[in-house]
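# Summary of structural features
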Amino acid sequence: MMRPLLATLVLAAATTAAAAPAPASGDLAIRSVEVRPSDPVVGPSGSVRLVVDVVARGADRVSVVLEPGRAPSGGDEPGEEPGKEPEPDATPSPPSGDAVPVPPGSPDPVVSPGAAVPAGVPLPGLGGLASAAMPGMVGASRTGRPVRRISSGEWETWRFLPDKPLSRWYPSGPWTVTATAVNARGERAVARVGFNLRRATEIEGLKVVRDGDGVRVTGTLLRVDPVGKVDYRPFAGQRVRICFRPAGSSRWKTVGEAVTRRDGWFTARVRADGEGAWRAEYAGTSRYAADASPQREA
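To keep things clear, this report deals only with the structure shown in the data block. (Residues numbered from 1 in each chain as written. Predicted model: local features only at pLDDT ≥ 70, side-chain atom pairs only at ≥ 80, totals over all residues. Heavy atoms only, no water.)

Turning to the environment of Pro40, a few remarks are in order. Here Pro40 is to be found in the loop between strand S2 (29–36) and strand S3 (41–42). Using a relative accessible area of 0% as the deciding quantity, one classes Pro40 as buried. When the C-alpha atoms of Pro40 and Ala289 are compared, they prove to be 9.0 Å apart, with 249 residues separating the residues in sequence. The residues contacting Pro40, other than those within four sequence positions of it, are Val48, Leu50, Leu166, Phe195, Asn196, Leu197 and Arg198. (Helix = DSSP H or I, 4+ residues; strand = E, 2+ residues; numbered from the N terminus. Buried < 20%, exposed > 50% of the residue type's maximum accessible area, 1.4 Å probe, protein only. Contact = heavy atoms within 4.5 Å.)

What follows is the structure in structure tokens.
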């Protein structure tokens, strides 16, 4: 199964005021919000921990909130995709949390891995400060996963490590991260970025059999059970690409496709252009991850 790519998602941020002029040097602003991994994939067991970096200036306090739904386009609250029915595994959105900075020049004590970090104690290396423990998937952690504030000129990076990891029990599909920066005068700047939480898929039992001047490729596409009763269920009505790599080549090319039946099974007969390797690929959706089968020689 293909593993999720630990890529970076960066979004240029704006203040809450519509059509606001570019901020002068030193004014409150959020430059970017970065989520890692940017494309989290969860299986039937285990979980994925997120890291959220907010690059801001002029802020005395920064908070983040993670919640299901797409980023709003005009002041609306995040919500479900238009035309999509909520899946039956929805989890209530947790409250927000803050990361609190530490004054420049504060000492960096040694913190043992896994040890609790008391509020008000700067963390090693980057001078961050842990805030109160957050009960939900937002804010800062005090359980040995440091919240850091990294200074680079007038811009500072505020790092959040949500207490609760993502798992199959959270809604799949679009999520929104909302970052809010507040300065000493109570002014606020808000920026949002989105990502998709996807459940794993798996192509199993791929077979490639010579059939005259072609080959017949069969297999089954499974997905993590959306209702959580079993690990995997058949994934019906999905297009699967049939790919071929000629002997001596490193390049895969799509030579056919099939649509899965109710039991997840698919079959396709394609022309065989010499010897080489075959595999099936599933492109994925906003709710389910892509996958590629092991290759088969024929």
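Right, let's talk about the pairing of strand S11 (residues 201–211) for a bit. In this structure, S11 lies alongside strand S12 (residues 214–224), joined through 9 bridges in antiparallel fashion. Note that in S12 the partner of Ile203 across the bridge is Leu221. Linking S11 back to S12 in an antiparallel pair, the connection comprises 2 residues, with Gly212 at a positive phi of about 65°. (Pairing = 2+ DSSP bridges.)

We now examine the packing of aromatic side chains. According to the stated counting rule, one finds 5 aromatic pairs in the structure shown. Here the aromatic residues Tyr170, Trp175 and Phe195 are joined through ring pairs into a cluster of three or more. The side chain of Arg168 reaches across the aromatic face of Trp169, ending 5.0 Å from its centre. (Phe/Tyr/Trp six-rings, centres within 6.5 Å; stacked < 30°, edge-to-face > 60°. Lys NZ or Arg CZ within 6 Å of the ring centre and 35° of its normal.)

Within the largest apolar cluster, 27 residues are counted, with the highest numbers of intra-cluster contacts made by Ile30, Val33, Val54, Val177 and Phe195. Looking at this core, the elements that each hand over two or more residues are S2, strand S4 (51–57), strand S5 (61–68), strand S8 (155–160), strand S9 (173–182) and strand S10 (188–199). Here this core gets 5 residues from one element, more than from any other, and that element is S10. Within the second largest apolar cluster, 19 residues are counted, among which are Leu221, Val240, Ala258 and Tyr282. (Core = buried A, V, L, I, M, F, W, Y, C linked by side-chain atoms within 4.5 Å.)

Let's shift gears to the pattern of salt bridges. The full count for this structure, using the stated rule, is 16 salt bridges. A salt bridge links Asp231 to Arg168; its shortest N-O distance comes to 4.0 Å. One end of the pair, Asp231, is in the loop between S12 and strand S13 (232–234); the other, Arg168, is in the loop between S8 and S9, with 63 residues separating them in the sequence. Close ionic contact of Asp211 with Arg269 constitutes a salt bridge, the shortest N to O distance being 3.0 Å. Taken as a pair, Asp211 in strand S11 and Arg269 in strand S16 (residues 265–271) lie far apart in primary sequence, 58 residues in all. (Salt bridge = Lys/Arg side-chain N within 4 Å of Asp/Glu carboxyl O.)

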